[in-house]
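# Observations on the three-dimensional arrangement
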Amino acid sequence: MKFRCDRDVLSEALQAVQRGVSSRPGIPALTGVLMRAEAGEGLTLTTTDLEVSVRLTVEVQVTEGGTALVPARLLTETVKSLSDAPVEFEADGGQARIRCAAYEGALRLLPAEDFPAIQPPSGMPIVLSAGVFAEAVAQVAKAASRDEARPVLTGILLEISREGVTLVATDSYRLAVRELVATAPGEARAIVPERALSEAARAAAALEKGEVRVFLEESQASFQVDGLTLTSRLIEGEFPNYRQLLPEAYENRLTVSRQQLADAVRRVGLLARDTSPVRLEFNALGVKLSSQSPDLGQAVEAVEARYEGEDLTVAFNPQYLLDGLAAASGETVRLEVRDGLKPGVIRGESEDFTYLVMPVRLPTPVA
Amino acid sequence: MVSAVGSPRMPRPRPAEPILHVDLDAFYASVEVLKDPSLAGRPVVVGGAGPRGVVMSASYEARAYGVRNAMPAVRARRLCPDAVFLPPDFEAYRAHSNRFREILLAVTPLVEPIALDEAFLDVSGAGLLFGEPPEIAAKIRREVAAEVGVRCSVGVGPNKLVAKLASKRAKPDGLLVVRADEVDAFLHPLSVRALWGVGERTAETLARVGVRTVGDLARTPVRVLERLLGEQHARDLHELALGHDDRPVTPYEPPRSISHEETFETDLDDTEELLREALALSHRVAARLREDGYRARTLTLKVRLANFTTLTRSRTLPAPTDVGAEIHAVVADLYRGLPGGRRRVRLLGVAATGLVPAGEEQLALLRGERRRDVERALDRIERRFGRGAALPAALLERRRDRAGRRSGA
């Protein structure tokens, strides 16, 4: 195998596939990047950690086709540090030779036959705008669980129907739902690991315009952005029936500046830390936030806003509230509450995003 | 140049009466009325089930008939046959008590809880934030009424002795401030029985020499008292009678960790058996957490091998727990993550740290979070029928193993 290319092209490509490289070097082949060059097709780089694989094709001048498995981290570091000049790459036998300006290096190869075969995506994709896709994933990702003890909740549910795509995540304390309008070829449901979907969203966010093609298959999901394909295994299991968690309309509704409320939650929440919640007292003037912690102190802040409903006090984990406020879009948000025991609902200016957050029960019964 | 005197930056002088004693009025009975508002205005007595029961708490309506705390229930029933007698509901009392304590702790960290319904505060340092002690006392009374839903009485004085006696005098629903220069006038008319350490026998001994009031006691020379009561007791009582009490308000220190460990009679090497032992330990830790009213953020597994190497692994949870099944899931995961394969284990331990009061609870959207209710039911069964009366099914096996091993040996 032999090719020649621009340093930046190779360096960027290697960094793009880096997210598929295994961080646990139990299987040496997984620490490598599989490079396949073919005249007329360019250079294809593949990495996998068995959960997520990333494949990217770039244009280079191929003079001799072939395949080589090169230690990914070392190669990426090397290429990144080369001077800005054309790079010549050549692999045969047991090593890869890299020449650039006055530099010449030889890296020992890994056994390419140990690298797992990766199923290319198949079937009809759903096509989404890259920017919208990236935004939607970012809106729900925070609500996914980090608790490996409940694998299903560490994923994001992708639900595809005739009307479009719904993304859902919950860690059982909050639930985020985002709906996207799209033309879909059929119906499907899949639970994609949050990490994989967020990586795909990052790749999509890097594009200013363009499309993401989403392939959902029996045991894997793939996302194609530009020349990059990210494939992830799916999480098996039953995702909670989120529709039945979504409440009917509430009578108590606060309409408030998103920024103002978020700033107040952040400030007052400083004295809540992880141990105690922030209390929200809703009344005709808006909402009064307060927190106290026996060993730190206390804080209170009133935020003027429009409130329709009865006077109520509900306590929330401030971080959960902040995640919801950050995910909602627009200048103003609506926060709907029922009582101290039912979920609060955050909605932005657009109807396509819903964020539920369960309150923290206070020891005092509501008198 | 003349330097400014009494600038506002000068530290505030320590108030002469910085000690508060806060006592909830007829606490258990009042909570019962909150739970069932139809009881309002009726005589309510908590406790007194069974022929030998005693009154634990009586509403003021019941007290009007002469019912008192610690009175045999039989007598209470005779005095007030129309009273509603209820069994105690400590879970509810603890929940209200937690809120009560939060209100106090918002004023100062120097809170010494005496019981669920009673605490001392030293507010010397709280002046800048909340004002003079009488203002703080009034604020506490307002907040307790509004947020706990129970009335309370507060005594303010130069020390614990005076504050405690003042709150008693203020009952029900009152506030009494005893200034440092009013202490003698306040204490002297009281019976000696009002003082700590004066029981029936001491009172009789003192009465024989004509000492009946605190004033009498204060005027009696210590030497005389020493002959009657012994040196130490005499001196202590005389100090109290003079209104001297220098015991500090000592804040309650919450426990830093709750842990259980077990050293096995013979080393264990079967993973399944070890995980079963871990399950038993997890449930014991969880039961302790629930009993003490805490939840743990961090769990630690400790494994001591046959060669005395000790391995520990910790994990911090997304939300604090007091549920045995959750603790076990984490502990089992930590165990499986230990390096190496088969190991001979001499000791297993489970520790819970990062404890937070259980009063506040992050509610969950999804069911399957119901384990806590199941385990609380187990707590009640154990309280009634003894430890091990009800067990997770996985632990039945363990008990059988044990029995088999023991009889086999």
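Placed above this text is the structure.
First, a word on what this report is: a plain description of the structure on this page. Every chain is numbered on its own, with residues counted from 1 as its sequence reads. Lettering of chains starts at A and numbering of ligands starts at 1, both following the order in which they are written. Owing to the predicted nature of the model, reporting of local features is limited to residues with pLDDT of at least 70; listing and counting of side-chain atom pairs is limited to 80 or more, with chain, interface and lining totals taken over all residues. Side-chain numbers come from the whole structure's heavy atoms, not from hydrogens or water.

### Looking at the overall build of chain B
Inclusion rule: Under the DSSP-based scheme used, a helix requires at least four consecutive residues in state H or I and a strand at least two consecutive residues in state E, with every element numbered from the N terminus. Any two residues whose heavy atoms approach within 4.5 Å at even a single point are treated as in contact. Method for areas: the Shrake-Rupley scheme with a 1.4 Å probe, in which residue coverage is limited to the protein chains shown.
Along the backbone of chain B there are 16 helices and 13 strands. For chain B, the share of sequence-separated contacts (at least 6 apart) that also reach a separation of at least 24 residues comes to 65%. Total accessible area on chain B is roughly 21300 Å²; 52% of this is exposed by carbon and sulfur atoms.

### A few points about helix H1 (residues 27–35) of chain B
Applicable threshold: Remark: exposure states derive from per-residue accessible area (1.4 Å probe, protein chains only) relative to the maximum for the residue type, with buried under 20%, exposed over 50%, and partly exposed in between.
By the burial criterion, the buried members of H1(B) are B:Phe27, B:Tyr28, B:Ala29, B:Val31 and B:Glu32. Buried residues along H1(B) sit in contact with strand S1 (19–24), strand S2 (44–47), strand S3 (55–58), strand S4 (84–86) and helix H4 (90–105) of chain B.

### Quick word on unusual backbone geometry
Residues and elements named next belong to chain B. With omega at -10 degrees, the peptide bond leading from Lys-171 into Pro-172 counts as cis. Not every positive phi belongs to a glycine, and Ala-26 is a case in point at roughly 40 degrees. Along the polypeptide, Ala-26 turns up in the loop between S1 and H1. Taking the relative accessible area as the measure of exposure, Ala-26 reaches 6% and is therefore buried. The phi dihedral of Phe-308 is positive, around 75 degrees, even though this residue is not glycine. The topology assignment puts Phe-308 in the loop between strand S10 (294–305) and strand S11 (310–321).

### A look at the interface of chain B and chain A
It is common to report an interface's size as the accessible area lost on association of the parts. To keep it simple, the criterion reads: Once two parts are brought into contact, the accessible area they lose, counted with a 1.4 Å probe and summed over both, makes up the buried area. One speaks of a salt bridge when a side-chain nitrogen belonging to Lys or Arg is within 4 Å of a carboxyl oxygen belonging to Asp or Glu. Think of a polar contact as two N or O atoms within 3.5 Å of one another; within protein, one of them needs to be a possible hydrogen donor and the other a possible acceptor, and neighboring residues in sequence only count if both atoms come from side chains. Gly falls in the polar group here, along with every residue not listed as nonpolar (Ala, Val, Leu, Ile, Met, Phe, Trp, Tyr, Cys, Pro) or charged (Asp, Glu, Lys, Arg). At least two bridges found by DSSP between two strands are what make those strands a pair.
At the junction of the two partners, chain B supplies 23 residues and chain A supplies 32 residues. Interface area, chain B with chain A, both sides summed: about 2400 Å², of which 59% is carbon and sulfur. Of all residues in chain B, the largest losses of buried area upon contact with chain A belong to B:Gln362, B:Leu363 and B:Leu365, amounting jointly to 29% of the total for that side. Counting across the chain B and chain A interface gives one salt bridge. At the junction of chain B with chain A, the criterion picks out four residue pairs in polar contact (both at pLDDT 80 or more). Residue assignment for the side of chain B that touches chain A shows that the elements contributing at least two residues are H4, helix H6 (133–148), S11 and strand S13 (361–362) of chain B. Per-element tally for the side of chain B that touches chain A: the top contributor is H4(B), with six residues. A breakdown of the residues in the side of chain B that touches chain A according to their chemical character gives 12 nonpolar, four polar and seven charged. Here strand S27 (residues 360–361) of chain A pairs with S13(B) via two bridges, running antiparallel.

### Considering the sheet that holds S10(B)
Residue and element names in this part refer to chain B. Note the threshold: Where helices are involved, their axes are fitted lines through C-alpha atoms of the stretch in contact, as for all axes, and angles between N-to-C directions lie from 0 to 180°.
Read from one edge to the other, the open sheet built from four strands follows the order S9-S12-S10-S11, with strand pairing classed as antiparallel. Bordering the open sheet on either side are strand S9 (257–268) and S11, each of which pairs with just one other strand. Averaged over all adjacent pairs, the angle separating strand axes in this sheet is 15 degrees, with direction ignored. Across 11 bridges, the pairing between S10 and strand S12 (residues 345–357) is antiparallel. Residue Lys-302 lies in a different strand from S12, and its bridge partner there is Gly-349. Its contacts with the sheet place helix H13 (residues 271–292) against S9, S10, S11 and S12, and it is angled at close to 155 degrees to S9.

### Observations concerning the environment of A:Val212
All names here are of chain A. Checked against the element boundaries, Val-212 lands in strand S15 (residues 211–216). Counting along the chain gives 79 residues from Val-212 to Phe-133, while the straight-line C-alpha distance between them is 7.4 Å. Beyond its immediate sequence surroundings of up to four residues, Val-212 is in contact with Ile-126, Val-127, Leu-128, Ala-130, Phe-133, Ala-204, Phe-223, Gln-224 and Val-225.

### Here's the deal with the packing of helix H11 (residues 222–229) of chain B against helix H12 (residues 231–241) of chain B
All names here are of chain B. Put simply, the rule reads: Geometric relationships in this document are graded by angle, where less than 35 degrees denotes roughly parallel, more than 145 denotes roughly antiparallel, 65 to 115 denotes roughly perpendicular, and other angles denote oblique. The hand of a helix crossing depends on one turn: near helix anticlockwise from the far one by less than a right angle means left-handed, and clockwise means right-handed.
Relative to each other, H11 and H12 sit at 135 degrees, their axes nearing to 7 Å. Viewed along their axes, H11 and H12 adopt a mutual orientation that is oblique. Relative to H12, the crossing made by H11 is right-handed. On H12, the residues touching Val-222, Leu-225, Glu-226 and Leu-229 of H11 are Glu-231, His-233, Ala-234, Arg-235, Leu-237 and His-238.

### A closer look at the pairing of strand S4 (residues 52–58) of chain A
Residue and element names in this part refer to chain A. With respect to burial, S4 is a largely interior element, five of its seven residues being buried. Looking at chain direction, strand S3 (residues 42–48) and S4 are connected through six bridges and run antiparallel. Looking at the pairing, Thr-48 lines up with Ser-53 of S4. Linking S3 to S4, which pair antiparallel, is a turn of three residues; within it Leu-50 sits at a positive phi near 75 degrees. In terms of strand pairing, S4 meets strand S17 (residues 228–233) through five bridges, oriented antiparallel. Residue pairing in the sheet places Val-54 in a bridge with Leu-230 of S17.

### Regarding the pattern of salt bridges
Per the stated rule, a full pass over the model turns up 50 salt bridges over all chains. Between A:Arg7 and A:Asp8 there is a salt bridge, with its nearest N and O atoms 2.8 Å apart. Residue B:Asp245 pairs with B:Arg247 through a salt bridge whose shortest N-O separation is 2.7 Å. With a relative accessible area of 39%, B:Arg247 lands in the partly exposed category.

### Thoughts on the packing of aromatic side chains
Put simply, the test is: Pairing of aromatic side chains here covers Phe, Tyr and the six-membered ring of Trp, requires ring centres within 6.5 Å, and sorts the geometry by plane angle: under 30 degrees stacked, over 60 edge-to-face, intermediate tilted.
Tallying each qualifying case throughout the model produces 10 aromatic pairs over all chains. On the numbers, 4.9 Å between centres and 15 degrees between planes, the contact of A:Phe3 with A:Phe89 is stacked. Within this pair, whereas A:Phe3 is found in strand S1 (residues 2–5), its partner A:Phe89 is found in strand S7 (residues 87–92), the two being separated by 86 residues in sequence. Assessed through its relative accessible area of 2%, A:Phe3 is described here as buried. Judged by its relative accessible area of 1%, A:Phe89 falls in the buried class. Aromatic rings pair up to connect B:Phe27, B:Tyr28, B:Phe90 and B:Tyr93 into one cluster.

### Some thoughts on the nonpolar core
The test is simple: The term nonpolar core refers to a set of buried residues drawn from Ala, Val, Leu, Ile, Met, Phe, Trp, Tyr and Cys, joined through side-chain atoms within 4.5 Å.
With 106 residues, the main nonpolar core has A:Phe3 and A:Phe223 as its most contacted residues. Take this core: its biggest share by element is seven residues, from helix H3 (residues 130–141) of chain A. Leaving out residues up to four positions away in the same chain, A:Phe3 has contacts with A:Leu10, A:Met35, A:Ala37, A:Leu43, A:Val60, A:Gln61, A:Val62, A:Thr63, A:Val87, A:Glu88 and A:Phe89. Formed by 33 residues, the second largest nonpolar core is a distinct cluster that contains B:Val31, B:Val111, B:Ala126 and B:Val156.

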